[in-house]
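Geometric and topological summary
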Amino acid sequence: MASGVVGGGRGSTFAAGQRAEVPLQMGTLSKAIGAYGGYLCASAAVIELIHNRARSFVYSTGLPPAIAAAATAALDLIAADPAYAALPLAKARAFTRRVGLPQAESPIVPLIVGDAQAALTASRLLEAEGFLVIAIRPPTVPAGTARLRFAFTARHPDHEIERLADIVRARVLTAPAELQADPAR
């Protein structure tokens, strides 16, 4: 998990600075890798069991060769420049510091707003300021825990992250009444 952005780009099994032994690791080839599909690292016996018994896998097909090559190329780029791979997490942490949130553990930062309508209103408010921040609401999350989902990349300019954090602090965290009254209705 967190391949491409945590542990020098090697994922969460390296988050503590050295490899953690895990018997089975699954992950996605989307997000930081930029392809699609996923992977499973495990013993040959576990892989054989999954291959033959996982109902969702039994009738699926292998990845097209171009997608496998794209994922391999992306992994080569990540391995060649771990400092670049560390930027999304560093930018997420700069955001959480400036907003006053707990330190980010990944480039994806959730901000629980509570009310689903407030999350939608906050998302629209941020969109009007030039930021795409998705509102996640029931049934995806339990009622009363609607949230905003911030996703940071290496390419986000620092000054834009600062501007986003300032808007979130001033208009989302300190103005809940404003979020309840949706101006788009």
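Cut-offs used in this document
The written sequence of each chain sets the order in which its residues are numbered from 1. It should be noted that, the model being predicted, local features are given only for residues of pLDDT at least 70 and side-chain atom pairs only at 80 or more, the latter also being counted only at that level, while totals for whole chains, interfaces and linings use all residues. With hydrogens and water set aside, each side-chain value is computed from the structure's full complement of heavy atoms. By the criteria applied, helices consist of DSSP H or I runs no shorter than four residues and strands consist of E runs no shorter than two, each listed in order from the N terminus. Between buried and exposed lies partly exposed: a residue is buried under 20% and exposed over 50% of the maximum accessible area for its type, with that area taken using a 1.4 Å probe on protein chains only. Surface accessibility in these figures is a Shrake-Rupley result with a 1.4 Å probe; residues are shielded only by whichever protein chains are displayed. When charges are counted, neither His nor the chain ends are considered; positive counts come from Lys and Arg and negative counts from Asp and Glu. A single reference atom marks each charge: NZ on Lys, CZ on Arg, CG on Asp, CD on Glu. The term salt bridge refers to a side-chain nitrogen of Lys or Arg lying within 4 Å of a carboxyl oxygen of Asp or Glu. In this text, buried Ala, Val, Leu, Ile, Met, Phe, Trp, Tyr and Cys residues form a nonpolar core when linked through side-chain atoms within 4.5 Å. Take the residue count of a helix, subtract one, and multiply by 1.5 Å to get its expected span. The axes used here are C-alpha line fits, helices contributing only the stretch in contact, and every angle between their N-to-C directions lies in the interval 0 to 180 degrees. Take the far helix as the reference: if the near one is turned anticlockwise from it by less than a right angle, the crossing is left-handed, and if turned clockwise, right-handed. Here, residues are in contact when the closest pair of their heavy atoms is within 4.5 Å. Asp, Glu, Lys and Arg are counted as charged, while Ala, Val, Leu, Ile, Met, Phe, Trp, Tyr, Cys and Pro are counted as nonpolar; the rest, among them Gly, fall into the polar class.

Topic: the overall build of the protein chain
Within the protein chain, the secondary structure is distributed over seven helices and five strands. Written out in order from the N terminus, the α and β elements of the protein chain read β-β-α-α-α-α-β-α-β-β-α-α. Counting only C-alpha atoms, the protein chain reaches 55 × 35 × 30 Å along its principal axes. Scored against the burial criterion, the 185 residues of the protein chain give a buried share of 31%. Of the accessible surface of the protein chain, which amounts to about 11300 Å², a share of 60% is contributed by carbon and sulfur atoms. When the 18 basic and 14 acidic side-chain charges of the protein chain are each reduced to a single mean position, those positions are 4 Å apart.

Notes on the pattern of salt bridges
Evaluation of the coordinates by the stated rule reveals six salt bridges. Taking the shortest distance from any N to any O, the salt bridge between Glu129 and Arg163 comes out at 3.4 Å. With Glu129 in the loop between α5 (116–128) and β4 (134–136) and Arg163 in helix α6 (residues 158–173), the pair connects residues that are 34 residues apart, well separated along the chain. Here Glu129 falls in the partly exposed class, since its relative accessible area comes to 29%. Classification of Arg163 as partly exposed rests on a relative accessible area of 31%. One salt-bridge network, held together by shared partners, links Glu129, Glu160, Arg163 and Arg171.

Considering the nonpolar core
Judged by nonpolar contacts, the single largest core of 23 residues is most densely connected at Phe95, Leu126, Leu148, Phe150, Phe152, Leu164 and Val168. Every element with two or more residues in this core is listed here: α4 (82–99), β3 (108–114), α5, β5 (146–151) and α6. For this core, the element with the most residues is α6, which contributes six residues. Among the nonpolar cores identified, the runner-up in size contains eight residues, and Ile33, Ala35, Ile67 and Ala85 belong to it.

Notes on α6
Working note: α-helix, 3.6 residues per turn, so residues spaced by three or four point in the same direction. With 16 residues, α6 extends 21 Å from end C-alpha to end C-alpha; this agrees with the ideal 22 Å at 1.5 Å per step. Along α6, the residues classified as buried are Ile161, Leu164, Ala165, Ile167, Val168 and Val172.

Thoughts on the packing of α4 against α6
The geometry of a pair of packed helices is captured by two quantities: the angle between their axes and the separation between those axes. With their axes 9 Å apart at the nearest point, α4 and α6 run at an angle of 35° to one another. In this structure, α4 meets α6 at a crossing whose hand is right-handed. In this structure, α4 uses Lys91, Phe95, Arg98 and Val99 to contact α6, whose residues at the interface are Asp158, Ile161, Glu162, Leu164, Ala165, Asp166, Val168, Arg169 and Leu173. Of the residues contributing to the contact of α4 with α6, the split by class is seven nonpolar, no polar and six charged.

Keep in mind that these numbers describe shape and distance, not what the molecule does.
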